[in-house]
Amino acid sequence: MLAFLVVAIIFVAKTFKIVPQQSALVIERLGRFHAVLAPGLSIVIPFIDRVAYKHSLKEIPLDIPSQVCITRDNTQLQVDGILYFQVIDPRMASYGSSDYVMAISQLAQTTLRSVVGKLEMDKTFEERDEINRSIVAALDEAAASWGVKVLRYEIKDLTPPQAILHSMQQQITAEREKRALIAQSEGVKQQQINLATGQREAAIQQSQGEMQANINESEGERQAQINRATGEAEALRLVAHATAEAVQAVAAAIQTPGGMEAVNLKVAEQYVAAFGNIAKTGNTMLLPSNAADVAGMVATAMNVVKSANLQKTN
């Protein structure tokens, strides 16, 4: 009874198969392929059906071993990378290749050597994306018969020999020094341009200031001359006006009763005063023969006054 119970338990255990998510079981019946069990609970025939292969349907990363590749210009490069693939057909993955993982790894290495050999060393650093795409395209085409889908390939390291690394470092250092010298010369050039521009602008401002000062000075001188001329003209006008008023007053006084006698008296007084000052100006003098005839001189002056009055009346 106990033996029968054990056999029953073993029979049930072998009858029901639980397949995890993202996994697949390949079932063979009597040595031949029978079915691929999807995730979930499945029933098989004990001792007739067996699980021949178990595959993970997840994306699998595969580290590609480092290898030496020779570029187009005969430079050795140490290259390694990582490959991502996924099993999409469990039956083909089981029977298409005895070891699809090793097949993909070897094919990736040979394809990488072929792609790198078509490029020069400098291009391998610049076109890593193009190298990755070329490897993926070549692998995906070959891996289709293995039930595998190659998703992507990434180069991890590209390492040239130490001598080339040293030369590249020297080239980079020289390039940086050249850029530093160019930047320094550009700075000196800009500084000289700024200084020249500042000096030019200062000279222009100084010349403009001097010109404005000269203009202001000439304007001031012109205004001063105008003011002086205006003042002199005003003074002459006032003197002429005062003289005219004095002459008119004298003429009016002559027309009044006793005016002529007053003029005679004034002329006689001025004549005597002028005659008295003659001796004070020097020791030698020339006098007319009738200088002492005061009455005659007064009469002569009065005749001039009368003539002027007659002309004014006419």
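Since we're looking at a predicted model, the values are computed, not measured. (Residues numbered from 1 in each chain as written. Predicted model: local features only at pLDDT ≥ 70, side-chain atom pairs only at ≥ 80, totals over all residues. Heavy atoms only, no water.)

Tell me about the packing of aromatic side chains, and please be specific about residues and values.
Scanning all chains against the criterion turns up three aromatic pairs. Between Phe33 and Tyr95, the aromatic rings sit 6.0 Å apart at their centres with planes inclined by 80°, giving edge-to-face as the arrangement. Taken as a pair, Phe33 in strand β3 (residues 32–37) and Tyr95 in helix α2 (residues 90–95) lie far apart in primary sequence, 62 residues in all. Judged by centre distance (6.2 Å) and plane angle (80°), the rings of Phe85 and Tyr100 are edge-to-face. Here the residue Phe85 occupies a position in strand β7 (residues 76–87), and Tyr100 occupies one in helix α3 (residues 100–117), the gap between them amounting to 15 residues. (Phe/Tyr/Trp six-rings, centres within 6.5 Å; stacked < 30°, edge-to-face > 60°. Helix = DSSP H or I, 4+ residues; strand = E, 2+ residues; numbered from the N terminus.)

Explain the confidence of the model for the chain to me, and be specific about the residues and the numbers.
Mean pLDDT for the chain: 81, with 80% of residues reaching 70 or above. Of all secondary-structure elements in the chain, the lowest mean pLDDT belongs to helix α8 (residues 294–313), at 55, while strand β2 (residues 23–29) reaches the highest, 92. (pLDDT = per-residue confidence, 0-100.)

Which residues make up unusual backbone geometry, and what values do they have?
Among all residues except glycine, the phi angle is most often negative; among peptide bonds, the trans geometry is most common. With phi around 60°, Gln22 is a residue other than glycine that occupies positive phi space. Within the secondary structure, Gln22 sits in the loop between β1 (16–19) and β2. Accessibility expressed as a relative area gives 32% for Gln22, which makes it partly exposed. Although it is not a glycine, Phe47 sits at a positive phi angle of roughly 65°. Tracing the sequence through the fold places Phe47 in the loop between β4 (40–43) and β5 (49–56). Residue Phe47 is classed as exposed on the basis of its relative accessible area of 65%. (Buried < 20%, exposed > 50% of the residue type's maximum accessible area, 1.4 Å probe, protein only.)

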